[in-house]
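Examining the three-dimensional arrangement
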There are 2 protein chains.
Amino acid sequence: MQIDLSQTVALLSRTPATLNTLLRDLPEFWTHSDEGSGTWTAFDIVGHLIHAEHTDWIPRATMILQHGESQTFKPFNRAGQNEKSQSKSLPQLLDEFATVRAENLSELRALNLQPPDLDRRGRHPAFGPVTLGQLLATWAVHDLTHLHQLSRLMAHQYREAVGPWSVYLGVLQCAGHSSAA
Amino acid sequence: MQIDLSQTVALLSRTPATLNTLLRDLPEFWTHSDEGSGTWTAFDIVGHLIHAEHTDWIPRATMILQHGESQTFKPFNRAGQNEKSQSKSLPQLLDEFATVRAENLSELRALNLQPPDLDRRGRHPAFGPVTLGQLLATWAVHDLTHLHQLSRLMAHQYREAVGPWSVYLGVLQCAGHSSAA
């Protein structure tokens, strides 16, 4: 299956505003609570999305176009956001994510990719050959995986409060945790 | 655990705008695709949330306050939206959800609930005694369960497109499906 780039971009372009609408000025009970030791808060997720914008998607796409399979992507540091985010507020991070995502989508447009470009290959440090189309699809699903995580970790805060209804609420049964990207 | 009602309302009040930001004018590829036979689309989810506003949360809260455990809630029809939604567009449903949610939060405020009220009990057709606090917590987590489902069903559309990255994307491993409410 090959992606339709306009559909991918339609989704990518909405994520910062979606997170902003959900999280800005929400009580810290929701935005600064996690799912237990070693898990993330909403604040951590937004920092992670910013970090991925800087180090993952467009840098890797550019590497595919310039070097093909001859250079291997740098491994992505899933916790790379922690140090940079700590001194900031959630509203600052939401603004920063919106800015860097818009810049990256502008860079993507400037690449003027045509459908055959999506079959061009790069080299992932763990998977070996991957295509540009797979990378761009992963960019979009990575947004969704963190929206999914966000809804789950927020729901977790009310795990006991819902009482017997917990058995009916799918989000409280979710074990779809991410590993890396 | 007892909920803080202002935190619950902060979340409930954001859901319509969050879904509107994510879904309005998004290509139908994302909004009208499901996860396979018998599963829902984004369109179905918004219709379901509207249906729950009309038949579940405030009607049940009112029944608790008026009748306590002496009356049993009417069972909630999870697929009650289908007939009413079919003739409408997604933008119409998003508008309708925003309106009915705002009306219901206005009704909730008018109840002027105090912390002890959250311990008042009603009778659920399957669970037996439940508290008003549990019902209101479930209202919020029900929003999150459908945001969770939405991110999962959208990600499902790119399950093949992401290629080998699927193993890293938690949303593609999720089995946290809902049953009823």
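Here's a quick rundown of the structure. (Residues numbered from 1 in each chain as written. Chains lettered and ligands numbered in written order. Predicted model: local features only at pLDDT ≥ 70, side-chain atom pairs only at ≥ 80, totals over all residues. Heavy atoms only, no water.)

**Quick word on the overall build of chain A**
Worth spelling out the cut-off: Helix and strand assignments follow DSSP, with helices taken as H or I runs no shorter than four residues and strands as E runs no shorter than two, numbered in order from the N terminus. The globule rule used here is 2.2 Å times the number of residues to the 0.38 power, and the radius of gyration it is set against is calculated over C-alpha atoms. When a residue's accessible area, from a 1.4 Å probe over protein chains only, is under 20% of the maximum for its type it is buried; when over 50% it is exposed; and in between it is partly exposed. Contact between two residues is taken to exist if any of their heavy atoms lie within 4.5 Å; hydrogens are not considered. For the accessible areas, the method is Shrake-Rupley and the probe is 1.4 Å, while residue cover comes only from the protein chains on display. Note on charges: Lys and Arg go in the positive column, Asp and Glu in the negative column, and His and the chain ends are not counted at all. Every charge is mapped onto a representative atom, which is NZ of Lys, CZ of Arg, CG of Asp or CD of Glu.
Counting its secondary structure elements, chain A contains 7 helices and 2 strands. Reading the secondary structure of chain A in the N-to-C direction produces α-α-α-α-α-α-β-β-α. For 181 residues, the compact-globule estimate of 2.2 N^0.38 gives 16 Å, and the C-alpha radius of gyration of chain A, at 18 Å, lies within 12% of that figure. Its C-alpha atoms give chain A principal-axis dimensions of about 55 × 35 × 30 Å. Taking all 181 residues of chain A together, the buried fraction comes to 55%. Looking at chain A alone, contacts between residues at least 24 apart form 74% of all its contacts between residues at least 6 apart. By element, 48% of the accessible surface of chain A is carried by carbon and sulfur atoms, the whole surface being about 7,300 Å². Across chain A, the mean location of the 14 positive side-chain charges is 5 Å away from that of the 18 negative side-chain charges.

**Here we look at the relation of the copies chain A and chain B**
There are two copies of the chain, and a rotation about an axis plus a shift along that axis relates them. Stated formally: Superposition of the copies used a least-squares fit over C-alpha atoms from residues whose pLDDT is at least 70 in both.
Once chain A is rotated about the relating axis by 180 degrees and shifted along it by 0.0 Å, it coincides with chain B to within an RMSD of 0.0 Å. Classification of the inter-copy transformation places it as that of a two-fold axis. When C-alpha distances to the rotation axis are compared across chain A, the minimum falls at A:His148, with a value of 2.4 Å. Interface overlap between copies: 100% of the residues of chain A at the interface are likewise at the interface in chain B, consistent with a symmetric, same-surface contact.

**Quick look at the interface of chain A and chain B**
Threshold: Computed with a 1.4 Å rolling probe, the buried area is the accessible surface lost when two parts are put together, summed over both parts. Definition used for salt bridges: Asp or Glu carboxyl oxygen within 4 Å of a side-chain nitrogen of Lys or Arg. In protein, a polar contact means a hydrogen-donor-capable atom and an acceptor-capable atom, both N or O and within 3.5 Å, with residues adjacent in sequence counting only if both atoms are side-chain atoms; elsewhere, any N or O pair within 3.5 Å suffices. Each residue is assigned to one of three groups, with Ala, Val, Leu, Ile, Met, Phe, Trp, Tyr, Cys and Pro labelled nonpolar, Asp, Glu, Lys and Arg labelled charged, and all others, Gly among them, labelled polar.
On the side of chain B, 63 residues touch chain A, which itself brings 62 residues to the contact. Regarding the contact of chain A and chain B, the summed buried area is about 5,400 Å², with carbon and sulfur atoms giving 72% of it. Seen at the junction of chain A and chain B, the total is 0 salt bridges. Across the chain A-chain B interface, the total number found is 16 residue pairs in polar contact (both at pLDDT 80 or more). Those elements that place two or more of their residues in the side of chain A that touches chain B are α1 (5-23), α2 (28-31) and α7 (132-156) of chain A. Ranked by the residues each element gives to the side of chain A that touches chain B, the list is headed by α7(A), at 16 residues. By residue class, the composition of the side of chain A that touches chain B is 35 nonpolar, 20 polar and 7 charged.

**Description of helix α1 (residues 5-23) of chain B**
Structural remark: α-helix, 3.6 residues per turn; residues separated by three or four positions point the same way. The test is simple: To estimate how far a helix should reach, multiply one less than its number of residues by 1.5 Å. The angle between axes fitted to the seven-residue stretch ending at a residue and the seven-residue stretch beginning at it gives the bend at that residue.
Helix length check: α1(B), at 19 residues, gives a terminal C-alpha distance of 28 Å against a target of 27 Å (1.5 Å per residue), a fit within 8%. Roughly 35 degrees is the biggest bend found in α1(B), and it falls at B:Thr15, with proline B:Pro16 one to four residues downstream.

**As for the packing of aromatic side chains**
Here is the rule: Pairing of aromatic rings covers Phe, Tyr and Trp, the last counted by its six-membered ring, and requires centre-to-centre distances within 6.5 Å; plane angles under 30 degrees mean stacked, over 60 mean edge-to-face, and any other angle means tilted.
Evaluation of the coordinates by the stated rule reveals 12 aromatic pairs over all chains. With centroids separated by 5.0 Å and ring planes inclined at 40 degrees, the aromatic side chains of A:Tyr168 and B:Phe127 adopt a geometry described as tilted. Residue A:Tyr168 is located in the segment after α7, and its partner B:Phe127 is located in the loop between β1 (121-124) and β2 (128-131); the two belong to separate chains. By relative accessible area, A:Tyr168 is classed as buried at 19%. Residue B:Phe127 is classed as partly exposed on the basis of its relative accessible area of 23%. Relative to B:Tyr158, the ring of B:Phe29 has its centre 5.9 Å away and its plane inclined at 45 degrees; by these criteria the two rings are tilted. Linking B:Phe29 in helix α2 (residues 28-31) with B:Tyr158 in the segment after α7 (132-156), this pair joins segments that are 129 residues apart in sequence. A residue is classified by how much of its surface remains accessible, and B:Tyr158, at 0% relative accessible area, is buried. Taken together, A:Phe29, A:Trp30 and A:Tyr158 form an aromatic cluster joined through their ring pairs.

**Some words on the packing of α1(B) against helix α6 (residues 90-110) of chain B**
Residues and elements named next belong to chain B. The test is simple: Axes here refer to lines fitted to C-alpha atoms; in helices the fit is confined to the stretch in contact. Angles between the N-to-C directions go from 0 to 180 degrees. Should an angle lie under 35 degrees it is considered roughly parallel, over 145 roughly antiparallel, and from 65 to 115 roughly perpendicular; all remaining angles are considered oblique.
Contact pair α1 / α6: the axes reach a minimum separation of 10 Å and the direction vectors enclose 170 degrees. The angle between α1 and α6 places the two elements in the roughly antiparallel class. Taken together, the residues of α6 that come into contact with α1 (itself represented by Val9, Leu12, Ser13, Thr15, Pro16, Leu19, Asn20 and Leu23) are Leu90, Leu94, Phe97, Ala98, Arg101, Leu105 and Leu108. Grouping the amino acids of the contact of α1 with α6 by side-chain chemistry returns 11 nonpolar, 3 polar and 1 charged.

**Quick word on the environment of B:Thr138**
Mapped onto the elements of the fold, B:Thr138 is located in helix α7. Through-space distance from the C-alpha of B:Thr138 to that of B:Ala126 is 15 Å; in sequence the pair is 12 residues apart. If near-sequence neighbours (up to four positions away) are discounted, B:Thr138 is found in contact with A:Val162, A:Trp165, A:Leu169 and B:Trp57.

**Let's talk about the pattern of salt bridges**
Here the structure, examined in full by the defined rule, presents 16 salt bridges over all chains. Between B:Glu69 and B:Arg123 there is a salt bridge, with the nearest N and O atoms lying 3.3 Å from each other. Here B:Arg123 lies in strand β1 and B:Glu69 lies in the loop between α4 (57-67) and α5 (82-85), a separation of 54 residues in the sequence. Given a relative accessible area of 30%, B:Glu69 falls into the partly exposed group. Between B:Glu96 and B:Lys88 there is a salt bridge; the shortest N-O distance is 3.0 Å. Classification of B:Glu96 by relative accessible area gives partly exposed; the value is 25%. The partly exposed category is assigned to B:Lys88, whose relative accessible area is 29%. Taken together, the shared-partner salt bridges connect A:Glu53, A:Arg101 and A:Asp143 into one network.

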